[in-house]
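Summary of structural features
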Amino acid sequence: MEIAVISGKGGTGKSSISAAFATLNGDVVLADCDVDAANLYLLFDPFVEEEEVYIAGHKAVIDYSKCTNCKMCKDYCRFDAISLKNDKIVISEISCDGCFLCSRICPENAIRMVANDKSRMYSGSFRNGKMIYGRLAPGEENSGKLVNMVRLKAKQLSEENGMNIIILDGPPGIGCPVISTITGVSKVVIVTEPTISGLDDLKRTVGIVQKFNLLAYIIINKYDLNFSLSAQIKKWCKESNITMAGELPFDKNIVEAMVQGKSITEFNPEINISKKIKIIWNKIINQKT
Amino acid sequence: MNQPVSDMIKIAVASGKGGTGKTYISTNLFYSLSKKNYRVAMVDCDAEAPNAVAFFESEIVGKTEVTQKVPVINSDICTFCGKCHEYCNYNAIFILPPMKIVKVIEDLCHDCGACSVACKSGAISEKPVSLGQVTTFSVKGKPSLLEARINIGVMSPVTVIKAAIKQIDNQSDIAILDSPPGTSCPFVQTAASADYVILVTEPTPFGLSDLKQSVETLKTINKPFGVIINRAGLGNNSVMEYLTHENIQLLLEIPFNKEIAVLYSNGRLVSETNEIFSEQLLSVFENIIENHGNSSN
């Protein structure tokens, strides 16, 4: 069973909640799919057993010994990546999308495509099972392909080790990396917060989850920061026929646990928030799809 | 044409980690500068989850659709040579020559135009598809707030973000860009079009880890930047130690305050009632102008 934890808005508490889920019972496979801001390894300090290279597309590079300044590449490029500076063709690494077109049409064969091979995927063991996380090199395109690679590895480790539950900690937003995180999973947990921004992003996140016909559960984190907005979110969920999994209070212990490198349920299983997370987790995994 | 307008200063407000207070800083900075009669515009570049508009009494004064082109293949003319499929680096063209099947998977298309160049039989034309919108809002009678918003299901927000930044009118001296979270493409595109980047972080291990990624990224693209620590007092001292060690400028520390969190949750601008906060943001701005700006005022 693959369970994805996502949220449209960042900073709602996705990773802290995923970390708690991962340490509640038995062995799990934990996959950090927030590949351009992976954090869970900080709590779990996994023992890395395997490191794999991820090719994040290509970049065009000019060989000036061959370039005749014909500007054909500049005319064909649709990403505004090629310009003429001081009578020299210059390719902007930031704007280049790696489509290969310039390298194909260049009459002098002066353009070479170089693979972006600085991103990595790590997998190994942590105290509650297996863990996988990606590390996108700075500024690389987060196309969701690295997320797919992380998920494939998670499935492989789940089968090899007989760990049936895979927890995917997703990225914020609703774009490609999020879509890659949720396609085909068993259940999606959406973490929101009672803010105007939180509610607005929740609606867009539910939109993307429904587009893929997935079963969604909502958690309102820090619900006591704004009771009236929490009530509004609950009302909206009810009207939209989405299951509320539960509400969690604002608790400074979340940060304290993080500082100590623990999930909140490891840090103190007896406090209110930890007990509530356990109830929510049981509700999510036990409900039949 | 895509170069930053030289006499306007663009400041991007960004953070690797989500929810550190990017929008909190950018909306309040925008408000504080407007109140001092600066000619300032704001662009909400978080096209996957745009929120800035909710903090202002505003009115829509314009909307443009952002589109990309996708190929349309006429299978009556197509010779099923497979060249378009070979040229497409995004696997957006599916072809089965023996069955005479050729299909475009529009979601995967990046609008690079390679297939049209590849096709020698004139079977490929192009049509526009919508990616999202750029909406212009008027705040206090001035059309100064632009919002980039992608349609649900669109893969990359980059095209819509670029379109929104292009639409900043030249009546403004300052533009605040509220950046998307993360350190990949959408963030880089936003940061690359700015003259200076304010990184907002929180003093937690997650905050620090993501801050390091953002710093590394900004260094590779050579952008000047400084850091605001939000919710100071929560967490630990490691962000501060990192800034000192790396010699990174700390622009401001904002202590954690539950009342601020409640005001924010209701979509209220803290600087409206809190003069001190407003003044602090203004001095952050003046500090940036002094050290990196092109005296635009």
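Residues numbered from 1 in each chain as written. Chains lettered and ligands numbered in written order. Predicted model: local features only at pLDDT ≥ 70, side-chain atom pairs only at ≥ 80, totals over all residues. Heavy atoms only, no water.

Section: the overall build of chain B
- Each helix and strand counted, chain B has ten helices and eleven strands in total.
- In terms of its C-alpha atoms, chain B occupies a principal-axis envelope of roughly 70 × 45 × 35 Å.
- Of the contacts formed within chain B by residues at least 6 apart in sequence, a portion of 74% connects residues at least 24 apart.
- For chain B, the accessible surface area stands at approximately 12600 Å², while carbon and sulfur atoms represent 50% of it.
- Of the side-chain charges in chain B, 24 are positive and 30 negative, and the distance between the mean point of each set is 5 Å. (Helix = DSSP H or I, 4+ residues; strand = E, 2+ residues; numbered from the N terminus. Contact = heavy atoms within 4.5 Å. Areas by Shrake-Rupley, 256 points an atom, 1.4 Å probe, with all protein chains shown as cover. Lys, Arg positive; Asp, Glu negative; His and termini not counted. Charge placed at Lys NZ, Arg CZ, Asp CG, Glu CD.)

Considering the domain arrangement of chain B
- Each assigned domain of chain B is listed here: domain 1 (9-57 + 140-292) and domain 2 (68-130).
- Averaged C-alpha coordinates put domain 1 of chain B and domain 2 of chain B at centres separated by 40 Å. (Domains from an automatic or database assignment.)

Some thoughts on the interface of chain A and chain B
- Across the contact, 57 residues belong to chain A and 60 residues belong to chain B.
- Both sides of the chain A and chain B interface together cover about 5000 Å² of buried area, and 58% of this is carbon and sulfur.
- Among the residues chain A hides against chain B, the three largest losses belong to Arg78(A), Ile94(A) and Arg204(A). Together they make up 14% of the total.
- Inspection of the region where chain A meets chain B yields three salt bridges.
- Residue Arg149(B) is joined to Asp200(A) by a salt bridge in which the shortest nitrogen-to-oxygen separation is 3.9 Å. (Buried area = accessible area lost by both parts, 1.4 Å probe. Salt bridge = Lys/Arg side-chain N within 4 Å of Asp/Glu carboxyl O.)

A closer look at the sheet that holds strand β9 (residues 196-201) of chain B
Residue and element names in this part refer to chain B.
- Ordered in space as β3-β6-β7-β2-β8-β1-β9-β10-β11, the nine strands form an open sheet in which the pairing is mixed. Two strands bound the open sheet, and with one partner strand each, they are β3 (58-73) and β11 (250-255). Ignoring which end each strand starts from, the neighbouring axes of this sheet average 20° apart.
- Judged from the five bridges that link them, strand β2 (residues 40-44) and strand β8 (residues 174-178) form a sheet pairing that is parallel. What sits directly across from aspartate 44, in β8, is aspartate 178.
- Its contacts with the sheet put helix α4 (residues 158-166) on β1 (9-14), β2, β3, β6 (124-139), β7 (142-150) and β8, and the angle it makes with β6 is roughly 50°. (Pairing = 2+ DSSP bridges. Axes fitted to C-alpha atoms, helices over the stretch in contact; angles between N-to-C directions.)

Concerning the domain arrangement of chain A
- By the assigned domains, chain A splits into domain 1 (2-55 + 120-286) and domain 2 (58-115).
- Taken over C-alpha atoms, the centre of domain 1 of chain A sits 41 Å from the centre of domain 2 of chain A.

Notes on the pattern of salt bridges
Residue and element names in this part refer to chain A.
- What the rule picks out here adds up to 22 salt bridges over all chains.
- The partner of glutamate 193 in a salt bridge is lysine 9, and the shortest N-O contact between them spans 3.4 Å. With glutamate 193 in the loop between β11 (187-192) and α7 (196-211) and lysine 9 in the loop between β1 (2-7) and α1 (14-22), this pair connects stretches of sequence that are 184 residues apart.
- A relative accessible area of 13% places lysine 9 in the buried class.
- For the salt bridge of arginine 127 with glutamate 266, the shortest nitrogen-to-oxygen distance reads 2.6 Å. Of the two residues, arginine 127 sits in the loop between β8 (119-126) and β9 (129-135) while glutamate 266 sits in helix α10 (residues 264-267), which places them 139 residues apart along the sequence. (Buried < 20%, exposed > 50% of the residue type's maximum accessible area, 1.4 Å probe, protein only.)

What about the packing of aromatic side chains?
- If you walk through the whole model with that rule in mind, you get eleven aromatic pairs over all chains.
- Relative to Phe126(A), the ring of Phe44(A) lies with its centre 4.9 Å away and its plane at 55°, an arrangement referred to as tilted. Of this pair, Phe44(A) sits in helix α2 (residues 40-44) while Phe126(A) sits in strand β8, placing them 82 residues apart in sequence.
- Ring centres 5.3 Å apart and planes at 85° place the aromatic pair Phe30(B) and Phe56(B) in the edge-to-face group. Within this pair, whereas Phe30(B) is found in helix α1 (residues 22-35), its partner Phe56(B) is found in the loop between β2 and β3, the two being separated by 26 residues in sequence. Neither residue differs from the other here; Phe30(B) and Phe56(B) are each classed as buried.
- Feature note: the residues Tyr24(B), Phe55(B), Tyr264(B) and Phe277(B) constitute an aromatic cluster, connected by ring pairs.
- The ring of Tyr64(A) carries Lys88(A) above its face, with NZ or CZ at 4.7 Å from the centroid.
- Above the ring of Tyr87(B), the side-chain terminus of Arg104(A) is found at 4.7 Å from the ring centroid. (Phe/Tyr/Trp six-rings, centres within 6.5 Å; stacked < 30°, edge-to-face > 60°. Lys NZ or Arg CZ within 6 Å of the ring centre and 35° of its normal.)

A few points about the side chain of Lys17(B)
- Following the sequence through the fold, Lys17(B) ends up in the loop between β1 and α1.
- We classify Lys17(B) as buried; its relative accessible area is 15%.
- Residues within four places of Lys17(B) in sequence aside, it is in contact with Gly11(A), Lys22(B), Glu202(B), Phe206(B), Gly207(B) and Asp210(B).

Structural notes on the side chain of Asn39(A)
- Along the chain, the position of Asn39(A) falls in the loop between β2 (28-32) and α2.
- With relative accessibility at 4%, the residue Asn39(A) sits in the buried group.
- Here the side chain of Asn39(A) touches Asp210(B) through a polar contact of 3.1 Å, side chain to side chain.
- Those residues within four positions of Asn39(A) in sequence are excluded, and the remaining contacts are Asp32(A), Phe206(B), Ser209(B) and Asp210(B). (Polar contact = N/O pair within 3.5 Å; in protein donor to acceptor, adjacent residues only side chain to side chain.)

Things to note about the environment of Ile242(A)
Residue and element names in this part refer to chain A.
- Relative to the helices and strands, isoleucine 242 is located in the loop between α8 (227-239) and β13 (243-247).
- Here isoleucine 242 falls in the buried class, since its relative accessible area comes to 10%.
- Residues isoleucine 242 and tyrosine 217, 25 residues apart in the sequence, show an inter-C-alpha distance of 6.7 Å.
- If sequence neighbours within four positions are ignored, isoleucine 242 has contacts with Val206, Gln210, Ala216, Ile218, Trp236 and Cys237.

Structural notes on unusual backbone geometry
- One non-glycine residue, Asp87(A), adopts positive backbone phi at about 60°.
- Note on placement: Asp87(A) falls in the loop between β5 (82-85) and β6 (88-91).

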